Amino acid sequence: MEFLSQSPNALGCASGSWKIWSLSDGHVDLPAESLRYPDNKTGRQTEPPQRDDLLVRLSVNCFLFDRSGIDRVLIDCGAGGSWEPSMGHLGEAMAEAGIDTSSITVVALTHAHGDHINGLLTPDGRRAFNNLSKIVIGEDAVEGFLAEPKLAEFRPLLAPINGGDRLADHLLALAMPGHAPGHMGYLLRTGEDDILFCGDLIHVPAAQFARPELTWAYDDDESMARTTRIRLLQDAADAHTWLAGAHLGRPSLGRVVEEGHGYAFIPAA
């Protein structure tokens, strides 16, 4: 992986014939007690990644990869104006990276939570991507998308997929069950690197890499989410796969290595 550019909200990389961008939509502060131990005790005693020990700060990230303008896919699109004003800044990050929003024709969603789908609309209610022609989504996540009335105009663009489906010869959809219905990861193979866009596999990196058994109160099935996380972190460490996560701290792209009884995350430079 070669690093091309970095600004406060955008990191640009190259791998093989591909360019990959990590783009910040902003952040949100949530209760630290949302971290859960396997015995269902809350996780306040886990050191959070900021001074206020009652809150943890979750980065909100989206990713774009492109091959010579032929294949260009945006992974997730942020919160738009649906939540805290600290989110909904994907357009600004794209501008920093020199990316024209009108060049986005395909969005691939990891799941249908608001901080991943509502950025189809800008905070002031306009279409974020004027030339959007397809929205890839896990089949089991479609119901959640349809439950968002503000996004009704995008329903004809939905293209449901399942784990194991190939979006192209270089891009594989991977089912990552537990966090949300239809939660999907996307594995990009550039010929030089494997990069797994892993959605909400990790929410609080300061805690869940070292202790992957910790779950998150917003997981749909905490036990299944735990099993998925432990398996995929081991796979990523074994295969030297790059992880790109929706809630990993900036630059939100890096490698996983085994450390003690858990793992450590080594961010990209």
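Bear in mind the structure is a predicted one, so any value in this text is a computation, not a measurement.

Calculation rules
- Residues numbered from 1 in each chain as written.
- Predicted model: local features only at pLDDT ≥ 70, side-chain atom pairs only at ≥ 80, totals over all residues.
- Heavy atoms only, no water.
- 1 Å grid on protein atoms, 1.4 Å probe; cavity = no way out; pocket = protein on both sides within 12 Å on 5 of 7 lines; lining within 4 Å.
- Points joined across faces, edges and corners; volume = space filled by probe spheres on them.
- Helix = DSSP H or I, 4+ residues; strand = E, 2+ residues; numbered from the N terminus.
- Nonpolar A, V, L, I, M, F, W, Y, C, P; charged D, E, K, R; others polar.
- Pairing = 2+ DSSP bridges.
- Axes fitted to C-alpha atoms, helices over the stretch in contact; angles between N-to-C directions.
- Contact = heavy atoms within 4.5 Å.
- Salt bridge = Lys/Arg side-chain N within 4 Å of Asp/Glu carboxyl O.
- Buried < 20%, exposed > 50% of the residue type's maximum accessible area, 1.4 Å probe, protein only.
- Expected span 1.5 Å × (residues − 1).
- Arc of directions from axis to C-beta.
- Polar contact = N/O pair within 3.5 Å; in protein donor to acceptor, adjacent residues only side chain to side chain.

Student: Report on the layout of surface pockets, specifying residues and quantitative values.
Tutor: Of the voids in this model, the largest pocket is the one considered here, and its volume is about 250 Å³. Forming the boundary of the largest pocket are 18 residues, of which Asp 71, Val 73, Val 106, Lys 134 and Leu 167 lie nearest the centre. At the level of secondary structure, the elements contributing two or more residues to the lining of the largest pocket comprise strand S6 (71-75), strand S8 (134-138), strand S9 (158-161) and strand S10 (166-168). A per-class count over the lining of the largest pocket returns nine nonpolar, four polar and five charged.

Student: Tell me what's going on with the sheet that holds strand S12 (residues 184-189), and back it up with residues and numbers.
Tutor: Strand order in the open sheet formed by seven strands is S10-S11-S12-S13-S15-S16-S17, with mixed pairing between adjacent strands. Looking at which strands have only one partner, the edges of the open sheet turn out to be S10 and strand S17 (262-267). Along the sheet, successive strands turn relative to each other by an average axial angle of 30 degrees, direction set aside. The sheet contact formed by S12 and strand S13 (residues 194-197) spans four bridges and is antiparallel. Bridge assignment links Tyr 186 to a residue of S13, and that residue is Phe 197. The sheet contacts of helix H5 (residues 222-239) involve strand S11 (171-175), strand S15 (242-244), strand S16 (253-259) and S17, and relative to S16 the element is tilted by about 95 degrees.

Student: Run through empty space enclosed by the protein, naming residues and quoting values.
Tutor: For the structure on display, the rule yields one cavity of 30 Å³ or more. The volume enclosed by the largest cavity comes to roughly 60 Å³. Forming the walls of the largest cavity are Met 176, Pro 177, Gly 178, His 179, His 183, Asp 200, Leu 201, Asp 219, Ala 225, Thr 228 and Arg 229. A class-by-class count of the residues in the lining of the largest cavity yields four nonpolar, four polar and three charged.

Student: Summarise the side chain of Ser 34; cite the residues concerned and give the values.
Tutor: Relative to the helices and strands, Ser 34 resides in the loop between strand S3 (18-31) and strand S4 (35-36). For Ser 34, the residues in contact, after removing those within four places along its chain, are Thr 215, Trp 216, Ala 217 and Tyr 218.

Student: How would you explain the environment of Gly 98 if you had to name every residue and give the values?
Tutor: Assignment of secondary structure puts Gly 98 in the loop between helix H1 (90-96) and strand S7 (106-108). Between the alpha carbons of Gly 98 and Phe 3 there is a distance of 16 Å; along the sequence they are 95 residues apart.

Student: Requested: an account of the pattern of salt bridges, with residues and values cited.
Tutor: Summed over the entire model, instances satisfying the criterion amount to eight salt bridges. Of the charged contacts in the structure, one is a salt bridge between Asp 66 and Arg 72, with a shortest N-O distance of 3.0 Å. No difference in accessibility class separates Asp 66 from Arg 72, as the two residues are buried. The salt bridge partner of Arg 211 is Glu 213, with a shortest N-O separation of 2.6 Å.

Student: Account for H5, naming residues and giving values.
Tutor: If you check H5, its first and last C-alpha atoms are 25 Å apart, about what 18 residues at 1.5 Å a residue would give, namely 26 Å. The complete set of buried residues in H5 reads Ala 225, Arg 226, Thr 228, Arg 229, Leu 232, Leu 233, Ala 236 and Ala 237. Looking down the long axis of H5, one finds its buried residues gathered within 165 degrees of arc, a one-sided arrangement. Summarising the geometry of H5, the exposed residues directed more than 90 degrees from the buried face are Thr 227 and Asp 238. Between the side-chain oxygen of the N-cap and the backbone nitrogen of Ser 223 there are 3.3 Å, and the N-cap of H5 in question is Asp 221. Phi turns positive, to about 55 degrees, at His 240, one or two residues after H5.

Distances and angles like these do not, on their own, reveal function.
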